[in-house]
Amino acid sequence: MNTTTRTEITSIELIDPDDREDNNPCSGPHLQDLVAQRLSRRDIIKSGVGAMAVAGFSSVALTAADDAQAQATRDTRAVAPGPVLDFQAVPPTVSDFVTVPQGYTATVIYATGDRISSTVPEYAGDGSEERYDLRAGDHHDGMEWFGLSPLADVPDRTSSTRGLLAVNHENITGTAQFLHPRGETNLAATAGPRPEGEVLKEIDAHGVSIVEFRRQGSTMARQPGSRYNRRVTGRTLIDIAGPVRGTNYVKTRFSPQGLTVRGTLNNCGHGVTPWGTYLACEENWAGYFIRGNDAALRSQRENTQLLRNGIRPNAAGFAHRRWASVVAADANSTEYSRFDCSVLGASATDDFRNEPNAFGYIVEIDPYDPLSRPKKRTALGRRANEGAWSSNPRAGRPIAFYIGCDSQNEYVYKYVSDATWNPLDARRGGMAAGDKYMDRGTIYAAVFNADGTGRWEPLTLANPKVAAGLPVSANNPGGYQFEDLADICVNTRLAAGAAGATRMDRPEWTAVNPNNGEIYITMTENPNRGNTGNSGNNVPNPPLDASNPRYWRDSKAATSQGPAAATQRGNVNGHIVRIREDGDDAAALSFRWDIFLFGAQANADNPADEANYQANVNLSGLSLANELSKPDGCWFSRVSGILYIETDDNTMTDRTNAQLLAAIPGRYGDGGAVDVVNLPSGSPNQAVTAPVTIRTYAGKRMTEATLKRLMTAPMGAEITGVAETPDGKALFVNIQHPGENTGRAGAVPSSVALTPATLNGPFESNWPGNSGYGPGGAAARPRSATVMITRNDGGVIGYDATRRLA
């Protein structure tokens, strides 16, 4: 019956295959017109925007007023005064605490291991806790508040005193050791089987929490006995919905008809539907699967599909943690063997070769109905979903969802529903509305043109580019032809490449301005941008282009994340792209774009302070009050209109821990065209030896009145996931993976790998125990947690409602 045997994997890499390298075999186009983008230094001097003009815009040059395209696409609407950020910016810090401004209080309300059921004991703090299907999972991420009536047991979306928090639990990387009394057993590739109890706990630590909170004095109290409380974990039964349902792509030994799958994994960013359901977005799911040396047993199409998503023969996943090695007590169980996606049987329904095809989707959950079954909405496509934020609904018009694919050189997408919005559906709510709007529609991939315009390429067989498929190449020896819509929904990245979408600098969260519908997309970083050679999988590194215009070289001192780095290069600190749909129509096929914000150190453009000085880095005019690196998440307050920016940084942590910043968003076109002169660093890995000038479109420069640091995280953590109560007086913020670098080689201060003799420390972080939450105190094991920020005067977070910014 078996056509092959399981291949023993000889090494385990605790690295995300999406985060590690470029799995995209498509090398272009990068904004089509390289000639138009790449002005030579001679062209700059001849055009009269040389050194003096550069100095006039703080080391970048505004282009001439007769730039016809820039003038044509610039937003000429008057910009309304914005709210005033009325707090004092938090200074940079590398302390092991959460810091907020004077006059604000940060309170931990929900941490890894906290119970959501009264049938299990509270968190003990020593790894002895069981039943993580009844506890808070790990790595808190995307999050949303769903109000409940304080007077009756019914939904009330206006309630700020009682409600449900839906919280993603992304993964356990770097922190799984803290889940167990003495760390993980048999994690080494050559060790024996992993213990079933440990792996069960690890799987259940993934997924989503739905947990009720009620206002008690100045805080929110968790309600362990609430009928609404539930965990959706890596084992929960989930329906497959949309075009992929019932197709051969998702038929397995567990689900021969291809109708269901067990679990949701690596839920990073999130979304909220206009009808009041929660969207958990499966991001780096590929790393959970192990694959033997079965390439010869698969078709060329299958191998192309798997490789495009980073699932290579004879390679272990970063978070798989040898789950498939478990010998289950129930001999008939396939709970753990499903994570081996090798060809092992005579057909797909005899093994789990197709199990990865059931992951990588947007998962819809109804938080108000604890008996409802979640659905994977395959019509929105499959990728490393960082989030899925909806357009502002307009009666009689389609609903769009904007999605980033979190990996270097990946694409920006939107999905547009076939159905048009009926406001009555906002009152009806429930999963039936999801069936209406999320099971039939069109996926689009973005092309960012060099002139500041863009277009949405439909990923359908009606698009000749998609119908033509991918050509034969060294990275794709068989080419690739799309067969039907299900093929496109499963292999969305391949379809976007065929359509010629623009490779971006790791597109992550999306956010839609509730006041004008403009879309913001974080581009976290790309160390390969502008370098020669390949970034992985024999994929050429991307050149500079208008929407990814910066290359520079940077240095960093040793930190708890690792040793000093003298050669950080490429797009080191990231940026945020802003899109305005043409006609302000979410279903438009074209758009205009600019770069709202460039991440940078405050002194990056000061040759006296920065050894690797290059005058193209701090394009947004950042200061010590708002310098930032690697914007990961972004989210709009519907109450104040503030855009919150969350960072997940490892490039500027010698200056400050991860941070949450508050920004006044402005509008598309409030800045102008800019010529960015990228200077060679002398590195052998740089693509050029002469200056390269890229014309881009920048938003208005920041000031300390329009961008401020509101919060910093403890050691080793990222800040992610933001939500608010409807009155805007409580801001919920997730702190993810504090202490994740414990035991990392070369880290400062030094720490030791955790073993049975050393599992009590030292840890990189002891938060939140060191702040008085839960057991352990100053020696506590670190935990991910949700923090509630409030103002001591009871006001709306972040701004003064009585003042406006002119």
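Everything that follows concerns the structure shown earlier in this document.
**Quick word on the environment of R373**
Mapped onto the secondary structure, R373 falls in the loop between β14 (362-365) and β15 (375-377). Here R373 falls in the partly exposed class, since its relative accessible area comes to 38%. In contact with R373, other than residues within four places in its own chain, are L237, I238, D239, T260 and M431. At 2.9 Å, the side chain of R373 forms a polar contact with the side chain of D239.

**A look at the nonpolar core**
Generally speaking, soluble globular proteins have nonpolar side chains that are buried together. Counting residues in hydrophobic clusters, the biggest one holds 141 residues, and the most contacted among them are L459 and L731. Aside from chain neighbours lying at most four places away, what touches L459 is Y413, I443, Y444, A445, V466, I488, T492, A495, A496 and A499. Formed by 16 residues, the second largest nonpolar core is a distinct cluster that contains I576, A663, M702 and L707.

**Description of the sheet that holds β14**
The strand order across the open sheet built from 6 strands is β11-β10-β15-β14-β13-β12, with neighbouring strands paired in mixed fashion. Edge positions in the sheet fall to β11 (260-262) and β12 (267-272), since each has one partner strand and no second. Sheet twist, expressed as the average angle between the axes of neighbouring strands with direction ignored, equals 35 degrees. Pairing of β14 with β15 involves 3 bridges; the strand directions are antiparallel. For I362, the partnering residue across the bridge sits in β15 and is R377. Where helix α9 (residues 431-438) meets the sheet, its contacts fall on β13 (278-282), β14 and β15, and the angle it forms with β15 comes to roughly 20 degrees.

**Looking at the pattern of salt bridges**
One pass over the structure, following the stated rule, counts 49 salt bridges. As a salt-bridge pair, E457 and R455 come within 2.8 Å of each other at their nearest N and O atoms. Here E457 falls in the buried class, since its relative accessible area comes to 7%. Relative accessible area serves as the criterion here: at 25%, R455 is assigned to the partly exposed category. Members of the salt-bridge network, linked through shared partners, are D114, R115, E122, R222 and R783.

**Examining the side chain of R322**
Mapped onto the secondary structure, R322 falls in the loop between α7 (300-308) and β14. Owing to a relative accessible area of 9%, R322 belongs among the buried residues under this scheme. A polar side-chain atom of R322 sits 3.4 Å from the main-chain carbonyl oxygen of A188. Engagement of the side chain of R322 in a polar contact is seen with the backbone oxygen of A191, the distance being 3.2 Å.

**A closer look at the sheet that holds strand β30 (residues 643-647)**
Strand order in the open sheet formed by 4 strands is β29-β30-β31-β34, and the pairing between neighbours is antiparallel. Strands at the two margins of the open sheet, each flanked by one partner only, are β29 (631-636) and β34 (707-712). Pairs of neighbouring strands in the sheet enclose a mean axial angle of 25 degrees, with direction left out of account. In terms of strand pairing, β29 meets β30 through 5 bridges, oriented antiparallel. Bridging across to β30, G633 finds its partner in E646.

**Details of α9**
Inspection of α9 places M431, A433, G434, Y437 and M438 among the buried residues, and these make up the whole buried set. Here the buried residues of α9 occupy an arc of 145 degrees about the axis, which is enough to place them on one side.

**Focus: the packing of aromatic side chains**
Taken as a whole and assessed by the stated rule, the structure comprises 24 aromatic pairs. Taking the centre distance of 5.1 Å and the plane angle of 20 degrees together, the rings of W275 and Y437 count as stacked. On the criterion of sequence distance, the pair formed by W275 in the loop between β12 and β13 and Y437 in helix α9 is long-range, its members being 162 residues apart. Residue classification places Y437 among the buried positions, given a relative accessible area of 0%. Geometrically, the ring pair formed by Y520 and F596 is edge-to-face, given 5.2 Å between the ring centres and 80 degrees between the ring planes. With Y520 in strand β24 (residues 519-523) and F596 in strand β28 (residues 590-598), the pair connects residues that are 76 residues apart, well separated along the chain. There is no split in this pair, since Y520 and F596 are both buried. Through a chain of ring-to-ring contacts, three or more aromatic side chains come together here, namely Y402, F448, W456, F591, W593 and Y697. Positioned over the ring face of Y228 is R227, at 4.3 Å from the centre of the ring.

The rules behind these values
- Residues numbered from 1 in each chain as written.
- Predicted model: local features only at pLDDT ≥ 70, side-chain atom pairs only at ≥ 80, totals over all residues.
- Heavy atoms only, no water.
- Helix = DSSP H or I, 4+ residues; strand = E, 2+ residues; numbered from the N terminus.
- Buried < 20%, exposed > 50% of the residue type's maximum accessible area, 1.4 Å probe, protein only.
- Contact = heavy atoms within 4.5 Å.
- Polar contact = N/O pair within 3.5 Å; in protein donor to acceptor, adjacent residues only side chain to side chain.
- Core = buried A, V, L, I, M, F, W, Y, C linked by side-chain atoms within 4.5 Å.
- Pairing = 2+ DSSP bridges.
- Axes fitted to C-alpha atoms, helices over the stretch in contact; angles between N-to-C directions.
- Salt bridge = Lys/Arg side-chain N within 4 Å of Asp/Glu carboxyl O.
- Arc of directions from axis to C-beta.
- Phe/Tyr/Trp six-rings, centres within 6.5 Å; stacked < 30°, edge-to-face > 60°.
- Lys NZ or Arg CZ within 6 Å of the ring centre and 35° of its normal.

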